[in-house]
Amino acid sequence: MRQPAEPAIDTSPSPGDEVRTTTCYMCACRCGIKVWMDGGKVRYIQGNPAHPVNQGVICAKGASGIMQHYSPARLSKPLLRVGERGKGEFREIEWDEALRIATDWLAPIRERNPDELAFFTGRDQSQALTGWWAQQFGTINYAAHGGFCSVNMAAGGLYTLGGSFWEFGEPDWDHTQYLMLWGVAEDHDSNPIKLGLGKLKARGAKIVAVNPVRTGYGAIADEWIGIRPGTDGLFAFALVHELLRMDRIDLDYLVRYANAHWLVVRNPGGADDGLFARDVEGNVLCWAGDAQARADAVDISPAVVGEYTLADGRTAVPVFQLIAERYLDPQYSPDAVSERCGIPADTIRRIARELAQAAFDSNLVLPVAWTDAWGREHAQMVGRPVSMHAMRGISAHSNGFHTCRALHLLQLLLGAVDAPGSFRYQPPYPKPIPLPNRPGKARRADGTLDASPLGYVHGPEDLLVDDAGQPRRIDHAFSWAYPLSAHGMMHTLIRNAHAGDPYRIDTLLMFMANMSWNSAMNTRETMQWLTDRDDGGEYRIPRIIYSDAFASEMVAYADLVLPDTTYLERFDAISLLDRPISDADGAADAIRHPLFDPATQTGSDGQPRDVRGFQSVLLDLGARLGLPGMVHADGAPKYRDYADYIVRHERAPGVGLLAGWRGEDGTQHGKGAPNPEQLQRYIDNDGFWREEIPEHARYFKMANRGYLEWAQKLGFVGSTAPIVLQLYSEPLQKFRLAAQGHGAYQPPAEHRARVATYFDPLPIWYEPFESAQNGGRDRQDGDAGDRSGSRMAPTPLEGKGAGSSPAEAAAHSFPLHAITQRPMFMYHAWGSQNAWLRQITARNFMYMHPDTGARHGIADEDWITVTSHHGSITVQAKFASNVQPDTVWTWNAIGKRRRAWRLAKNAPEGDKGFLMNHLISDITPRGDYANADPVTGQAAWFDLRVSIRRAGDATDESQPQFAPLAFAEASEAPLRYGAAMRARRSTR
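Note that this is a predicted model, so its numbers are computed, not measured.

As a further point, take the packing of aromatic side chains. Evaluation of the coordinates by the stated rule reveals 40 aromatic pairs. Centroid distance F735 to F759: 4.9 Å. Interplanar angle 40°. Geometry classified as tilted. Residue F735 is located in helix α21 (residues 730-739), and its partner F759 is located in the loop between α22 (749-758) and α23 (769-773); the two are separated by 24 residues in the primary sequence. Judged by its relative accessible area of 1%, F735 falls in the buried class. Each member of the aromatic cluster is reached from another via a ring pair, and the members are F119, W133, F137, Y142, F511 and F614. Sitting over the face of the ring of F845, R843 holds its NZ or CZ atom 3.8 Å from the ring centroid. Sitting over the face of the ring of F845, K878 holds its NZ or CZ atom 6.0 Å from the ring centroid.

In structure tokens, the structure reads:
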């Protein structure tokens with residue numbers, strides 16, 4: 001009997017006929033990917049096991065990069081507006097015309113007043129170029145998206161530790177025994193965190209998630225602390241209170257690496273009150289034995305408590321004395337803060353004990369010899385295996401800067417900064433405190449700024465204000481209202497540009513910033529500001545140039561659209577000068593490189609696309625404008641394109657965008673002459689470069705001689721001097737003194753109380769502004785209590801004690817907190833238009849605890865009206881028990897304007913999806929300041945307070961709704977990909 005023929009089965013099919021490595025762009029993780037191609041099209045994207053960031057792990061976003069590259073929303077040609085701004089009516093033009101128009105608009109501005117150009121970029125990763133371009137153009141009005149994303153996190157850390165959470169540090173995944181995640185959603189740095197959490201789970205380390213919502217990382221945590229939004233700093237202070245009360249702190253660490261022993265002058269009313277005591281040579285002093293001494297002296301035993309008389313007769317106390325005075329106050333006890341935070345007092349006390357036990361009773365020691373910055377040799381590295389990681393959930397509040405500092409204070413008391421098992425710096429951090437680069441203020445003879453438009457303020461003298469103390473920047477960054485706004489304030493840009501405050505701009509140039517939709521507070525009015533006209537019939541914002549790869553909502557508001565490439569069609573530099581991808585054990589950077597020529601990639605209409613990478617376009621514009629550094633002496637362009645710029649541009653001699661394979665022969669790293677073959681070397685090495693830190697230099701980087709010498713060699717720091725961690729921040733006290741009438745630079749009268757209140761050199765907590773000004777119980781600006789004197793008395797928590805009963809909360813006009821989170825499977829608006837990711841979530845709900853629904857007469861899946869002091873939306877409710885009962889929440893950036901992103905006209909994102917942004921005002925309820933942190937100006941997205949009620953039975957779509965954009969009609973057919981490849985393979 002004949003046996004049946006066996007079918008031919010390929011048991012090891014290849015994903016494609018070619019594979020190339022590059023860097024993902026589907027979130028800020030910047031993982032390494034392997035892109036498989038078949039017949040010139042993307043077949044499959046997988047993680048690159050050789051890449052240091054993700055080690056082969058890939059998430060849903062990264063794998064769906066295929067559908068980003070082939071999105072129907074991709075732009076195909078430059079566009080010139082032909083209809084009313086905001087409708088989305090354009091005609092296609094050629095690049096020569098587009099660049100000529102842009103040059104004709106920008107050249108007179110450069111000649112007349114460069115500040116009339118406002119250049120703001122959104123979620124891009126090339127700020128080393130865009131910031132330099134703005135500096136060469138000469139405008140102070142430049143910023144990236146950090147002002148509405150993470151500047152509280154960055155500034156809070158950089159002014160305290162010389163590094164921070166986010167992309168500047170990470171937990172010691174290999175050694176920590178106790179991890180606290182504060183306000184961490186799943187969208188950011190997700191693959192490294194998932195890898196790290198896997199290590200902790202395998203080892204049995206404890207994970208505690210502090211977040212009003214339990215999703216993602218919190219769902220696998222050993223303990224969830226469902227905190228009330230905006231009270232994280234108060235919770236941290238209660239932990240600090242307990243650690244001090246139990247005397248479970250690392251004083252040796254605080255004296256060796258921080259400024260706990262530095263003497264602070266007590267001279268109430270004097271110009272030196274609250275400043276560090278210094279000798280005649282400017283050296284900071286401490287008290288050792290029975291006399292003053294230099295605080296940086298080696299092998300002394302300085303006092304950390306007490307009051308002392310200096311040689312010049314002044315009185316001074318150590319920083320630690322001020323810490324003890326403040327945080328041992330009963331108002332910070334667990335019992336005092338429990339109800340306000342929504343955390344039982346016994347839980348707070350237990351967490352404090354667990355932190356101390358993990359830090360001090362674990363006896364973690366690494367047998368690694370090292371030498372500190374003062375030359376002392378150590379036979380081993382003593383660990384403190386407590387780690388913390390924090391993100392936007394604590395940062396995006398009007399008290400976020402001080403909350404970030406509160407977490408760093410907690411870490412420092414435990415000795416848990418860059419010790420084995422603790423938070424660890426990632427190169428090129430730590431940096432000197434404060435960073436030496438200050439924001440540019442003046443223009444040179446050639447029209448360029450004297451420094452980058454963004455930087456770090458050291459004192460009032462660095463502000464960008466005029467002789468009357470009024471803002472010079474269109475966003476009011478670096479003004480007396482928001483002095484430490486190191487990332488700028490994109491969220492204030494449109495309102496101020498429309499109002500001409502402090503002056504009218506001529507042109508707004510933006511890149512990847514969806515400011516007419518999900519990146520705007522006060523979305524409806526922002527759209528009106530973009531289209532409003534003056535009495536003469538001219539747009540109040542005369543010209544808008546916008547670059548994006550996709551037909552986003554913001555494209556409709558542009559006068560000229562410059563179509564960008566996708567991330568698989570261009571060069572990018574993931575630079576150490578910008579947002580590093582280093583890990584705690586090594587420095588790293590990377591590139592993207594074109595896998596396709598855009599001209600070979602057809603659009604959704606089947607026609608060839610004529611698009612250019614924005615970075616190359618920017619350099620082309622710079623050359624056409626004759627900007628210094630972008631042209632040769634004869635006026636010819638200095639750089640062929642962005643790839644040429646990456647290789648040949650030097651920020652300082654030997655320092656370029658990429659650190660790997662420098663020098664003419666490619667043998668130098670960190671610093672070295674440009675190497676013409678550098679990009680090819682990166683391509684040959686899977687798109688990245690990494691150099692390991694020597695084993696003896698991997699911890700205590702702020703004071704490890706081996707690390708500081710290694711970092712100086714690579715150009716990360718200017719000297720090998722130790723970086724002293726700042727428990728007490730003198731730059732903040734300088735601002736307070738100015739507000740009290742001291743110094744040559746003082747705030748106008750209207751800002752004095754605000755500056756004196758919030759520029760406290762020790763971390764404070766105060767009620768977020770929206771709560772306080774909508775009937776909350778806590779103080780307003782200027783009601784600072786007795787904190788202006790030299791003793792730095794604790795911040796008062798006014799009202800009936802420190803707690804808030806449920807009855808009191810219910811009586812509030814807006815009793816509920818409302819926040820957004822990004823899902824792990826999407827990132828910003830461009831991810832939520834991705835066809836594959838939309839199959840996971842194509843609409844959002846307003847999630848609430850069932851008890852919350854019952855309290856307000858709402859059933860599961862009812863349509864509800866959600867109201868803030870600013871406006872109302874109608875959305876569908878969904879019950880979920882993974883949320884703190886005083887909080888409602890939703891996924892961010894799901895809701896879309898109809899016809900945007902080339903979605904089908906009946907796409908759920910348009911009629912069921914919604915934005916919380918419509919409820920969020922860009923100014924405080926009182927209307928006197930931006931809805932932002934008073935120190936850094938970061939947008940306070942998560943301060944929102946709302947009320948909820950059941951909507952009418954006839955409701956079946958979200959509100960508000962806006963007229964569909966006039967973009968091309970999207971196909972109603974299912975969007976499929978890969979069928980032709982499968983068919984072709986089956987015939988082989």
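A separate point is the packing of α21 against α22. Direction vectors running N to C along α21 and α22 enclose 150°, while the axes themselves pass 8 Å from each other. Crossing handedness for the pair α21 and α22: left-handed. Counted together, F735, R736, A738 and A739 of α21 and R752, V755, A756 and T757 of α22 form the full contact between these two elements. Split into classes, the residues belonging to the contact of α21 with α22 amount to 5 nonpolar, 1 polar and 2 charged.

The subject of this paragraph is the sheet that holds strand β26 (residues 572-574). Sheet architecture is open: 3 strands sit in the order β26-β27-β28, paired in antiparallel fashion. Each edge of the open sheet is held by one strand with a lone partner, namely β26 and β28 (688-692). Across the sheet, the axes of successive neighbouring strands diverge by a mean angle of 10°, strand direction being ignored. One ladder, built from 3 bridges, connects β26 with strand β27 (residues 586-592); its direction is antiparallel. Its bridge partner being in β27, A573 is matched across the sheet by I591.

One can find V240 in helix α8 (residues 232-246). In this structure the C-alpha to C-alpha distance between V240 and A406, which are 166 residues apart in sequence, comes to 8.8 Å. Ignoring any residue separated from it by four or fewer positions in sequence, one finds V240 in contact with Y327, L409, L410 and L413.

Note the cis peptide between D501 and P502, where omega equals 15°. Topologically, P502 is positioned in the loop between α15 (493-499) and β23 (507-511). Note that the residue after Q959, namely P960, is joined by a cis bond; omega there is 5°. One non-glycine residue, D686, adopts positive backbone phi at about 65°. With a phi angle near 60°, W901 is a residue other than glycine that sits in the positive phi range. You can see W901 is positioned in the loop between β33 (887-891) and α28 (908-911). Its relative accessible area of 4% is what places W901 among the buried residues.

Further remarks concern helix α4 (residues 127-137). In terms of burial, α4 is a largely internal element, 10 of the 11 residues being buried. Within α4, the full set of buried residues consists of A128, L129, T130, G131, W132, W133, A134, Q135, Q136 and F137. Note on α4: the residue one or two positions beyond its end, G138, has a positive phi of about 100°.

On to the confidence of the model for the chain. Looking at the chain, the pLDDT average stands at 92 and 95% of residues meet or exceed 70. Contacts from residues 777-811, a stretch scored under 50 in pLDDT, to residues over four places away or in other chains number 104 contacts.

This part covers the sheet that holds strand β11 (residues 223-225). Within the open sheet, the 4 strands sit side by side as β11-β10-β9-β21. Their pairing is parallel. Unpaired on one side and paired on the other, β11 and β21 (386-390) mark the two borders of the sheet. Neighbour-to-neighbour, the strand axes of this sheet turn through a mean angle of 15°, independent of strand direction. The pairing of strand β9 (residues 178-182) with β21 spans 5 bridges and is classified as parallel. Paired with M180 across the bridge in β21 is M388. On top of the sheet, helix α6 (residues 190-203) reaches β9, β10 (206-210) and β21; it is set at about 135° to β10, its chief contact. The sheet strands contacting helix α12 (residues 345-360) are β9, β10, β11 and β21, and the helix crosses β9 at an angle near 130°.

Quick look at the environment of D38 now. Along the polypeptide, D38 turns up in strand β2 (residues 32-38). D38 sits 940 residues away from G978 along the chain, and the two C-alpha atoms are 9.9 Å apart.

The rules we used
- Note on numbering: residues in each chain are counted from 1, in written sequence order.
- Local features in this predicted model are restricted to residues whose pLDDT is 70 or higher, and side-chain atom pairs enter the listing and the counts only when it is 80 or higher, whereas totals over whole chains, interfaces and linings include all residues.
- By convention in this description, side-chain values take in all heavy atoms of the structure and omit both hydrogens and water.
- Only Phe, Tyr and Trp rings take part, Trp by its six-membered ring, and two of them pair if their centres are within 6.5 Å. Stacked means planes under 30 degrees apart, edge-to-face means over 60, and tilted covers everything else.
- Segments assigned H or I by DSSP are reported as helices when at least four residues long, segments assigned E as strands when at least two residues long, and all are numbered from the N terminus.
- The classification of residues rests on relative accessible area computed with a 1.4 Å probe and restricted to protein chains. Under 20% of the type maximum is buried, over 50% is exposed, and intermediate values are partly exposed.
- For a lysine, the NZ atom is tested; for an arginine, the CZ atom; a charge sits over a ring if that atom is within 6 Å of the ring centre and within 35 degrees of the ring normal.
- Lines fitted to C-alpha atoms define the axes here, with helix axes fitted over just the stretch in contact, and angles between the N-to-C directions of these axes take values from 0 to 180 degrees.
- It is the rotation of the near helix from the far one that decides the hand of a crossing: anticlockwise by less than a right angle makes it left-handed, clockwise makes it right-handed.
- Contacts are assigned to residue pairs that have any heavy atoms within 4.5 Å of one another.
- Here the nonpolar group is Ala, Val, Leu, Ile, Met, Phe, Trp, Tyr, Cys and Pro; Asp, Glu, Lys and Arg are the charged ones; every other residue, Gly included, is treated as polar.
- Pairs of strands are assigned from DSSP output, requiring at least two bridges between the strands.
- Confidence of the predictor in every single residue is expressed as pLDDT, which spans 0 to 100.

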